[in-house]
Each structure stands twice: as structure tokens, then as C-alpha cells.
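Analysis of the macromolecular model
For reference, the chains in residue letters:
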Amino acid sequence: MTRLGMMLRKNVMSLLEVKDLQVRVEEREILHGLSLTVNPGEVHAIMGPNGSGKSTLSHVIAGKPGYEVTGGQVLFKGEDLLAMAPNERAAKGVFLAFQYPVEIPGVTTWNFLHAALNAQRKARGEDEMSSPAFLKKVREVAKSLSIPQDMLKRGVNVGFSGGEKKRNEILQMALFEPAVCILDEMDSGLDIDALRIAADGVNALRSPERAMVVITHYQRLLNYIVPDVVHVMSKGRVVKSGGKELALELEESGYAQFEDAA
Amino acid sequence: MPAVQETVERVRRIDVDQYRYGFETLIESDKAPKGLSEDTVRFISAKKNEPAWMLEWRLEAFRRWLTMTEPSWARVHYPKIDYQDLYYYSAPKPKKTVNSLDEIDPDILKTYEKLGIPLREVEVLEGVVRPEGERRIAVDAVFDSVSVATTFQKELKAAGVIFMPISEAIREHPELVKKYLGTVVPTTDNYFATLNSAVFSDGSFVYVPPGVRCPMELSTYFRINERNTGQFERTLIIADKGSYVSYLEGCTAPQRDENQLHAAVVELVTHDDAEIKYSTVQNWYPGNSEGKGGIYNFVTKRGDCRGRNSKISWTQVETGSAITWKYPSCILRGDNSSGEFYSIAISNGYQQVDSGTKMIHLGKNTSSRIISKGIAAGKSQNTYRGLVSAHRKATGARNYTACDSLLIGDQCGAHTVPYVEAKNSSATFEHEATTSKISEDVLFYCVQRGLSQEEAVGLVVNGFVKDVLQQLPMEFAVEAQKLISISLEGSVG
Ligand SMILES: Nc1ncnc2c1ncn2[C@@H]1O[C@H](COP(=O)(O)OP(=O)(O)OP(=O)(O)O)[C@@H](O)[C@H]1O
Ligand SMILES: [Mg+2]
């Protein structure tokens, strides 16, 4: 990018800016100065071998405890994201679709979603949503994602199949309408039809204000959710960025060529 | 800081002094002199205008008590109780006989208000008539040892149900009281029950005649309101052949420095084909953040399934008290009788809970079910202690026990002590037990969705206890759910 281009860029506030992020887990450095800039309306894909730090990055952005940030910054709409409590980040519009969604026995899915939505609304100073209004909304969203009603009555993710858990993540994303969506391997465990439905759900949420960061191992997902930028991560750094054709290239040649670069 | 660590810190910081129900009502009271002797027993009996046989019964218990020693087998530790340093009787001075709400001490009414006792009870007190078919609750208010108001008497009377303070029942229905009192928990049963037999102040009496389904839930609220006053509640419920009654008991207590002794006795009797459902939400003052103060709760609750096909079901939500020593039990005497015990026991701060049940199978084809959920936080200790036994003649006895413990933090303890005795080979006893820590990943999932750490803990815990909450009558379940969150969050209101 030219110097001028960079200066112009600076004037448009990016939605999410990760600058030279260094992160340790249990005394071991996992991210070694990672940078990433995501602007409103963009879809970024992150690809990279197992253990390269993709989930770690998503966890740090969402505020999962247990990670020590030893250097760098994460800005969300120009604000210091790392200084905020995780639920505050959620209320501001940071959403993480987990690679491994947890089960919460005894808590029905819609009670959970209702409580979460209202907690977010309260934090933003908005009115809480009444039960009937919420039910109407959640039903609509569930229907658009082909999620059966009775799934909403079951304990959160309890006894859900792998694919159902992933769909439940997309459901929440659609319900909360976040500003930044990080999708950590949403395609793993989904069959072909479910993948298409989930991808349609994600695409429906694409908007000029919203940005997505899609973490995946498979180029196939990117046929459905077409990214603006593709990043290759290796050993805790972004080693290459490019357009959607980069994903195809990776499919051909694998990650070996980047191992040395890292 | 990892999420769990953070939760632990927060829970540790909880100032239990913020105890929501910590206040006292200033009501003139007349007390028995401090200490316990035959004279104290006589004073109490005289105060209650009791017949001679009742006094004799009390004195016998008292003499027995003098020969007994305080039990020490439970996993609870507390300084020695000086039984001579307590008051054994106090009563709000009745201004006049109470016939209507207007005549009830406004201070007492205010107390109920502060306790957040919902409007429906106030309505009940005010005699507001609800539309036909709506479930109603009769409140027999026990306020500091003396029943102040009894409502819905008429409707209950029409159904033939007797629901009144036990002190009145002793005078008005001596034949029933004589026939049943002490037959489930004998005066010789245990140290605390024997003490109760000598000095019990008041409590509820319920008799449901044959074939009657009690037309409403019966509920009682208890409070301790006098410094150094032991509360010795005595409740007796009899369900005659083919009858049914659901009884709710809930209590909170004001804050104080010194420990308070509470030794209640509850006796239930079911005859052929009868059923009693007894639900409790217990929220006595648990002590301050250093573990000082708080109620010592030594309770003997026992039900006797005397008749064939009879059933007794205990549901309890235990959140309060510094010490809880409580084992609601069932004697399954009648053939085909069944007993249930559903329990949620939450301990936080320095609370010590030793609670569980005994299912004594005596009759043929008797069955029992135990679902216990223990939640320990702070520096508390939470023990489930249960006995399931099948007598030689109890062929076909069945029991299912599931004990789950949830730990919040690493300074608390959960313990499971199951005793099983099967004296005949046809008994089938199943026991399952789990202990888990509140999961960091689950908490993070919740906060990522916008819930605060406290809300997340409340949600996860309420999910954990759901099976038991479902056993409570609706209105109680809602209150209990709130209480569970409060007792873990320390947030006030
Ligand atoms: N809590 C932890 N303790 C120790 N090591 C950890 C911890 N969390 C992550 N790591 C290590 O950090 C590295 C990056 O893990 P991460 O889960 O971020 O990889 P990933 O790129 O998401 O991999 P995958 O494609 O398999 O999901 C791995 O070597 C992993 O073992
Ligand atoms: Mg990963």
C-alpha cells in the first residue's frame, strides 16, 4: 500500500484493529506479534495449520481468561478492547461463534438466549425485550436457519449433534446482530446441506456496517461465504494476505511454503 | 485472572452482612427467664394454657434430655452451646384477640412486606377473594413463637381440614394430638428433638380427613425475632386415608451477633392411599463474612408412611443458616408406600451443611427416590449424608439415589456419605454420585453472550438444580430460583 493509501485508510475508522499482538499461555508465547485490520463491511478469512493460533486469536479478542497479553493492542471502533470485560465486549457487538460450543444442562436454549439478549440490551441502555416479542423474534430467526422449534426448548447444546451446535451458534449471531462476527471453524461437523444453510445465514447478515472474520481449514466454505481478504496464519503470525484466490492457491499447495516465512 | 478464579474472588468478597433480611421488628415481648429448667418448661406450658397431660409430656422429655449428650458425628464444627444462656420462650404481647387483619400489629405486617412476601399472601391475609379455580394459599403466620394470624379457616373447615397453630390444636383437638404427637419422632429420638419436645413454642397442626384433597396449599412463615431466643417449632401433619395435602414452609431471619439455636421437629403421618408433599425454602441468617453469627439449625423432620400405597415427598431448598443439621426422612411402613427426597443445599461463606435423608424400607414393595444437589462456594463445607435401609421383611424394596455436587472455587468442600443396609436379597438399590467444578469454559461461553459473571453463575447453578426446582410448587420455585442467585451472588435485591 502506498503511503498516501495508508493515510487515507487511517481516516476511515476500522472496526477491528489488531496491532502487533503478543500472547502467552502458561508461559509459552502463542501469538508473536500478529496484526490484522478489519473494516466495516469486509469479510476476512483466516486459514492456517492446526495449532497456528487461530482460536487463540479469537479467544483473546473475545476476552477469554487465561491468556496473557504481553504486547500489542486490539482496538474496536478505536476503543481499547482488551480493557473491557468480556460481557461488555459482547454488548458492544463482538461475537464469537465457538469452535467447540459448550453444553449447559438444565438451562433451556431460549431462556439462555433471552437472558443473554436482555443483558446486552441493558448494558447498552436499551429496554429489555419482553418474552412474547423475544419468542416471536427467535422463532423467525430459527425458521430462517431451518432450526426446529423443539431445539430451543432443550438445554443449551445438550445432546445436540455437532452440526446442531454449530447452527445454534449461527442462530445466536443472527439474534444478537453483532458488529464483528468471528466464526471459528463454523464449517467443521456440518453436512453439505447444513453448511449451505449456515452460510446463507451468515451471508444474510453481511452488511456495510458489519464485518466477519471466518476461520476455516477448507476452501469450500469460501465458495459460499466469499471473502474480501484471505490471511494465512502460521506459528502465531499472519504470514500472507491476499484476495480470495489465495485460498485456492493454498488448497493446491498446502501450508508448507509458509512454514519458513513464519 | 481466569474466570473461575474471578468468580471465586467475588464470592469470597461477598459480605454476607448484606443479608437482605437482616432487620428486627421492635415488638414488646414477654420472655421466659434465661436458662432451662423444669420451671422453664412449666412456664411455657402455662403460657400456652396447656392441659396437664401436655405438661407431663414435656417434663418427661425434659428429664430425658438431661441424660443425653449432644451428638457430634456430623461434619459441622461450632463452639459449645450454653443451653443455660438462652431464652426458651418469647411472644409478642397480643394487644387483643386477633380476628381481622386490622388488628394485627402493623409492625408485623411491615416485616412481611420487607421480607418480600408476595402480595398474594397479603391478599390472603386481607381475605381478598380470588376467582374460582385459582390456586390459593393459606398462611398460618408464626411470628416469633406465637401464631398471630390464621386465615382461610372457613374454607378449610368446610372441607373438614384442620389447620391451626399446634398450641390451639392441643386445646381444641386433644384426642388427635395425643394420638399422633411423638409417634413419628419419639421424645427420646435425639438430643435436639428431645429438647424440642420439652420446650417447643408453637408450629402448625394439620389434619386432613379421609378422602379429602386439601383445597389449597398450606404455608407458614417462620422468623426468629428475639435476641438469644431459641426457636423450637413443632409441626404435625396427618393425612388420613385417601387424602392429599401440600404444605409449604419458608423462613428468613434477622441479622444478629450471637448464634441462634433452632431445633425444630416436623412429624408427618400418611394413612392408606394418602399423600403429603412437604416443601421448604430455608433462608436463615448464615452469619457474616467472617463466619460470625448465623443460625444453628438442628432439625428433625420425619414422615411415617403408615398406610398401604401412601406417599411422602420432601422437597427442600437450603440456602441459609451457619450450620444445617437436617435429614428429612421417610419410614416406609405400609406395603407399596413410597418416599421421595429432593434437595438443593447451597453453602457459601463459612456455612456448614450436613444434610440428607433416611429412607427406611419396612413394608413390601416400597420404593424411594433421592435426588440431592449440593452447591458449595466460599469456604463452606457441604455434606450429603444419607441412609437407605431395607428391613428383612421389605421384599421388593427399591431405591434410586443421585447425589450431585458442584464446587465453586477451591476453598470449599463437598462430601457424600451414603449408608446402605439391605437385610433382604430382593432389594434393589441404585446409587449415583458426581462431583464437578463449575466449568470455566461454560462461564466464558455465557459472558461472551453478554451475561455478567454473576448472572452466568446463577444461570449455571439454576440449571444444575433444575430437577429439584421442578418439584416445588410454581410460586415457590420462582422465589427459590431468586434466592439461589442471591445466595451465590451476594448482590442485595
Ligand atoms: N490453555 C492452553 N495451554 C497450553 N497451550 C495452549 C493452550 N491453548 C492453546 N494452546 C496452544 O496454543 C497453540 C495454538 O492453539 P490454537 O487453538 O489457537 O490453534 P488453532 O490454530 O486454532 O488450531 P486448530 O486449527 O487445530 O483449531 C497450540 O499449540 C495449542 O496447543
Ligand atoms: Mg482452533
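Note that the coordinates shown come from a computational prediction; the quantities given were computed from them, not determined experimentally. (Residues numbered from 1 in each chain as written. Chains lettered and ligands numbered in written order. Predicted model: local features only at pLDDT ≥ 70, side-chain atom pairs only at ≥ 80, totals over all residues. Heavy atoms only, no water.)

Looking only at helices and strands, chain B has 13 helices and 23 strands in total. In chain B, of all internal contacts separated by at least 6 residues, the share reaching a separation of at least 24 is 85%. Put simply, chain B shows about 18500 Å² of open surface, and 50% of that area lies on carbon and sulfur atoms. (Helix = DSSP H or I, 4+ residues; strand = E, 2+ residues; numbered from the N terminus. Contact = heavy atoms within 4.5 Å. Areas by Shrake-Rupley, 256 points an atom, 1.4 Å probe, with all protein chains shown as cover.)

Let's shift gears to the overall build of chain A. Helix and strand counts for chain A come out as eleven helices and twelve strands. Taken over C-alpha atoms, the radius of gyration comes to 18 Å for chain A, in line with the 18 Å a tight globule of 262 residues would show. Seen along its three principal axes, the alpha-carbon backbone of chain A occupies a region of about 55 × 40 × 40 Å. Taking all 262 residues of chain A together, the buried fraction comes to 52%. Contacts in chain A between residues at least 24 apart in sequence constitute 68% of all its contacts with a sequence separation of at least 6. Averaging the positions of the 31 positive and the 33 negative side-chain charges in chain A gives two centres separated by 3 Å. (Rg over C-alpha atoms; globule rule 2.2 N^0.38 Å. Buried < 20%, exposed > 50% of the residue type's maximum accessible area, 1.4 Å probe, protein only. Lys, Arg positive; Asp, Glu negative; His and termini not counted. Charge placed at Lys NZ, Arg CZ, Asp CG, Glu CD.)

Where side chains of opposite charge bring their charged atoms close, a pairing between them can arise. Residues and elements named next belong to chain B. By the definition in use, this model includes 24 salt bridges over all chains. In this structure, the salt-bridge partner of Asp 335 is Arg 308, at a minimum N-O distance of 3.6 Å. With Asp 335 in the loop between β16 (329–332) and β17 (338–347) and Arg 308 in the loop between β13 (295–305) and β14 (311–318), the pair connects residues that are 27 residues apart, well separated along the chain. Sharing partners across several salt bridges, the network here consists of Glu 38, Arg 42, Glu 56 and Arg 63. (Salt bridge = Lys/Arg side-chain N within 4 Å of Asp/Glu carboxyl O.)

Turning our eyes to something else, we now look at the pairing of strand β11 (residues 229–234) of chain A. Looking along a regular strand, one sees the side chains alternate between the two faces of the sheet. All names here are of chain A. With six of its six residues buried, β11 lies for the most part within the structure. Neither face of β11 is left uncovered, since the one carrying Val 229, His 231 and Met 233 and the one carrying Val 230, Val 232 and Ser 234 both have all their residues buried. Across four bridges, strand β3 (residues 43–47) lies against β11 in parallel orientation. Paired with His 44 across the bridge in β11 is Val 229. Relative to strand β12 (residues 237–242), β11 runs antiparallel, the two being bridged by five bridges. Across the sheet, residue Ser 234 finds its bridge partner in β12, namely Arg 237. Counted between consecutive antiparallel strands, the loop separating β11 from β12 contains two residues, among which Lys 235 sits at a positive phi close to 45°. (Pairing = 2+ DSSP bridges.)

Protein ligation of the magnesium ion (ligand 2) involves A:Ser55 (OG) and A:Gln99 (OE1), the donor distances falling in the range 2.0 to 2.3 Å. Residue A:Ser55 is found in helix α2 (residues 54–62), and its partner A:Gln99 is found in the loop between β6 (94–97) and β7 (104–108); the two are separated by 44 residues along the sequence. (Donors = N, O, S within 2.8 Å, 3.2 Å for Na, K, Ca; no water.)

Per-chain confidence: chain A averages 89 in pLDDT, with 94% of residues scoring 70 or above. Here residues 1–8 of chain A is modelled with pLDDT under 50, and outside its nearest four sequence neighbours on either side it reaches two contacts, counting other chains as well. (pLDDT = per-residue confidence, 0-100.)

Residues and elements named next belong to chain B. What helix α2 (residues 38–47) keeps buried is the set Thr 40, Val 41, Ile 44 and Ser 45. Projection of α2 onto a plane perpendicular to its axis shows the buried side chains occupying an angular sector of 130°, all on one side. Exposed and facing more than 90 degrees away from the buried side of α2 are Asp 39 and Ala 46. On its buried face, α2 sits against α3 (52–66) and α9 (191–199). Just downstream of α2 lies Asn 49, where phi reads positive at about 55°. (Arc of directions from axis to C-beta.)

Let us look at the site of ligand 1. Residues and elements named next belong to chain A. Not every one of the 15 residues close to ligand 1 is listed here, only the nearest: Gly 51, Lys 54, Ser 55, Thr 56 and His 217. Measuring from an oxygen atom of ligand 1, one finds a side-chain N or O atom of Thr 56 at 2.5 Å. At 3.3 Å, a side-chain N or O of Glu 185 approaches an oxygen atom of ligand 1. Every element with two or more residues in the shell around ligand 1 is listed here: β2 (28–38) and α2. Looking at the shell around ligand 1 element by element, the count peaks at three residues for α2. The residue inventory of the shell around ligand 1, partitioned by class, reads three nonpolar, eight polar and four charged. (Near = heavy atom within 4 Å. Polar contact = N/O pair within 3.5 Å; in protein donor to acceptor, adjacent residues only side chain to side chain. Nonpolar A, V, L, I, M, F, W, Y, C, P; charged D, E, K, R; others polar.)

Before going further, it helps to examine the interface of chain B and chain A. Taken together, the 21 residues of chain B in the interface contact 30 residues of chain A. When chain B packs against chain A, the two sides together hide about 2000 Å² of surface, and 68% of this comes from carbon and sulfur. The largest per-residue losses of area from chain B upon contact with chain A belong to B:Phe444, B:Tyr445 and B:Arg449, which jointly make up 39% of the total buried on that side. On inspection of chain B and its partner chain A, the count reaches two salt bridges. With a shortest N-O distance of 2.5 Å, B:Arg449 and A:Glu169 are connected by a salt bridge. Summed over the shared surface of chain B and chain A, the result is nine residue pairs in polar contact (both at pLDDT 80 or more). Within the residue set of the side of chain B that touches chain A, elements represented by two or more residues are α10 (440–448) and α11 (453–464) of chain B. For the side of chain B that touches chain A, the element with the most residues is α10(B), which contributes eight residues. Along the lines of polarity and charge, the residues of the side of chain B that touches chain A split into twelve nonpolar, four polar and five charged. (Buried area = accessible area lost by both parts, 1.4 Å probe.)

Residues and elements named next belong to chain A. With respect to the helices, strands and loops of the structure, His 44 is situated in strand β3. Residue classification places His 44 among the buried residues on the basis of a relative accessible area of 2%. Only 2.6 Å separates the side chain of His 44 from the side chain of Glu 42, close enough to count as a polar contact. Those residues in contact with His 44 that sit more than four places away from it in its chain are Leu 36, Thr 37, Val 38, Asn 39, Met 212, Val 213, Val 214, Val 229 and His 231.

Moving on, we come to the packing of helix α7 (residues 162–176) of chain A against helix α8 (residues 192–205) of chain A. Residue and element names in this part refer to chain A. Taken N-terminus to C-terminus, the directions of α7 and α8 make an angle of 15°; their axes are 10 Å apart at the nearest point. Classified by the angle between their axes, α7 and α8 sit roughly parallel to one another. In this structure, the crossing between α7 and α8 has a hand that is left-handed. Contacts from Arg 167, Ile 170, Met 173 and Ala 174 in α7 reach Ala 194, Ala 198, Val 202 and Leu 205 in α8. Grouping the constituent residues of the contact of α7 with α8 by class yields seven nonpolar, no polar and one charged. (Axes fitted to C-alpha atoms, helices over the stretch in contact; angles between N-to-C directions. Parallel < 35°, antiparallel > 145°, perpendicular 65-115°, else oblique. Left-handed = near helix turned anticlockwise from the far one by under 90°.)

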